[in-house]
Amino acid sequence: MPDVAPIDTAQAPPSGRQPVRPDAGGPIIVYDGFCGMCSLVVRFALWADGERARLRFAPAQSTAGAAFYEILPSGFSPDETFLHVADGIVLTKGKAVRALLNGLGLPWSLLARAMGFLPIRWIDRGYDIVARNRYRIWGRRESCRRPPPGTEARFLA
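Only a predicted model underlies this, so the values are computations on that prediction, with no experimental measurement involved.

1. Some thoughts on the overall build of the protein
Along the backbone of the protein there are 5 helices and 5 strands. Reading the helices (α) and strands (β) of the protein from amino to carboxyl end gives β-β-α-β-α-β-β-α-α-α. Within the protein, buried positions represent 46% of all 157 residues. Sequence separation of 24 or more characterises 72% of the internal contacts of the protein that already satisfy a separation of 6 or more. When the accessible surface of the protein is totalled, it reaches about 8500 Å², and 57% of it is carbon and sulfur.

Given below as structure tokens:
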């Protein structure tokens, strides 16, 4: 499965949901809203993004999040990866993590740069191990967590 996929955001998903315009307001992070670790990553990203408020978020279980998976090539699943969507390109696994860190600025962009020295297949292998065990380690919720107060506008429904 490729870890980069161009998408046609004007294409309507098969379900008839409205396509999301990802380039209107900054990158979108699509994550598993039931995953405890994924929720922690989103809260970290909100904190690290700070006043810039560039990032937007969509739980994979939301209408907006599910629409991204529907227009991607087959093989992409919310159970396997979160997505970093920017400029009509969807990144998954290690490349998505690097793009997220890079977009958060210093010092996190230095970590992204350091990751660039490792083969992407090593980073993806580590990502896969964490993804397989995330519910066991961080728990699985029955519903998505509410956005922290004051950040609701950054979450797509």
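Having seen the structure, we can now continue with the description.
2. Examining the environment of Trp-122
With respect to the element layout, Trp-122 can be found in helix α5 (residues 120-138). By relative accessible area, Trp-122 is classed as partly exposed at 48%. Distance from Trp-122 to Gly-94, taken between C-alpha atoms, is 8.7 Å for residues 28 residues apart in sequence.

3. Some thoughts on the side chain of Ser-62
Looking at the secondary structure, you find Ser-62 in the loop between β3 (56-59) and α2 (63-71). Of the residues examined, Ser-62 reaches a relative accessible area of 13% and is grouped as buried. At 3.0 Å, the side chain of Ser-62 forms a polar contact with the backbone nitrogen of Gly-65.

4. Points about the confidence of the model for the protein
In this model, the protein carries a mean pLDDT of 76, and residues with pLDDT of at least 70 account for 74%. Per-element mean pLDDT across the protein ranges from 47 in strand β1 (residues 4-6) up to 90 in helix α4 (residues 108-115). Residue range residues 1-20 is modelled with pLDDT below 50. Its contacts to residues more than four positions away, or to other chains, number 58 contacts.

Definitions and cut-offs
- Residues numbered from 1 in each chain as written.
- Predicted model: local features only at pLDDT ≥ 70, side-chain atom pairs only at ≥ 80, totals over all residues.
- Heavy atoms only, no water.
- Helix = DSSP H or I, 4+ residues; strand = E, 2+ residues; numbered from the N terminus.
- Buried < 20%, exposed > 50% of the residue type's maximum accessible area, 1.4 Å probe, protein only.
- Contact = heavy atoms within 4.5 Å.
- Areas by Shrake-Rupley, 256 points an atom, 1.4 Å probe, with all protein chains shown as cover.
- Polar contact = N/O pair within 3.5 Å; in protein donor to acceptor, adjacent residues only side chain to side chain.
- pLDDT = per-residue confidence, 0-100.

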